Amino acid sequence: IWQEVRDIHGWYTDSMPGKAADLTVYGILSMKMYIDLFDGIGYFSTATPTPYGEDKMDSLFDKMSLKMFKRVNAKDYQKVTIDGAKGRSYTIKEEDGYKRALLLLKDGVFYMAMTFSSKDNEHVRNNERHFFSSFKIAGTGPSGGEKTYRFVDTALAFTIETPAKAEPFHQSGADTN
């Protein structure tokens, strides 16, 4: 049963084929995710403020593509506009699986929706179509009133405000003295 997903700020909605879990990446980026073990499909979505405007969009998306897909190739994407947000829709088919991603930018917010699957078949494509067609930009970006979390690192002498609670990174087995 597909369930509606809404991010913490109300900037986007989508639907996933079950109850989405919250995932925090790098200690600051909040994502929604659902892994369908039976169909072998993972669904992910997020929105986060960004200092980059449309003039830096291509550079930002190229860097994201390099991180996510280990390559930057104009043949892998189409330019799209969804609810006024401009961006790219990627489709990558490789030996390790099938990946689709939607990267968008609007009003100081970076949006991402992504799926990956161990296989490429009609069932997978139908579920992906459902997921991506449900992705809607709901808000107008940061207004300054969103909840942020202050993180103070006394060892490195810096303070940062993040949209999710940041935690110190402790490498397992590392000497913490």
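Quick note: structure is the one above.
Note that the structure is predicted; figures quoted are calculated from it, not measured. (Residues numbered from 1 in each chain as written. Predicted model: local features only at pLDDT ≥ 70, side-chain atom pairs only at ≥ 80, totals over all residues. Heavy atoms only, no water.)

**Some remarks on the sheet that holds strand β10 (residues 136–137)**
Ordered by their spatial adjacency, 3 strands build an open sheet running β1-β2-β10, and the pairing between neighbours is antiparallel. Only two strands of the sheet have a single neighbouring strand rather than two, namely β1 (3–6) and β10. Two elements, strand β2 (residues 12–16) and β10, share 2 bridges in a ladder whose sense is antiparallel. Paired with Y12 across the bridge in β10 is I137. (Pairing = 2+ DSSP bridges. Helix = DSSP H or I, 4+ residues; strand = E, 2+ residues; numbered from the N terminus.)

**Some remarks on the packing of aromatic side chains**
Each aromatic ring pair is summarised here by two numbers: the centre-to-centre distance and the angle between the ring planes. In total, this model carries 10 aromatic pairs according to the counting rule given. Geometrically, the ring pair formed by Y12 and F135 is stacked, given 5.2 Å between the ring centres and 20° between the ring planes. Pair noted here: Y12 is in strand β2 and F135 is in the loop between α2 (122–134) and β10, with a separation of 123 residues, a long-range link. The same class applies to Y12 as to F135, namely buried. A ring pair is formed by F44 and F116, whose centres lie 5.7 Å apart and whose planes are at 25°; its orientation type is stacked. Of this pair, F44 sits in strand β5 (residues 41–49) while F116 is found in strand β9 (residues 109–117), placing the two residues 72 residues apart along the sequence. Looking at F44, the relative accessible area reads 14%, which means it is buried. Every member of this aromatic cluster is reached through a ring pair, and the members are W2, Y34, Y43, F131 and F132. The ring centre of Y77 lies 4.0 Å from the NZ or CZ of R88, which sits over that ring. (Phe/Tyr/Trp six-rings, centres within 6.5 Å; stacked < 30°, edge-to-face > 60°. Buried < 20%, exposed > 50% of the residue type's maximum accessible area, 1.4 Å probe, protein only. Lys NZ or Arg CZ within 6 Å of the ring centre and 35° of its normal.)

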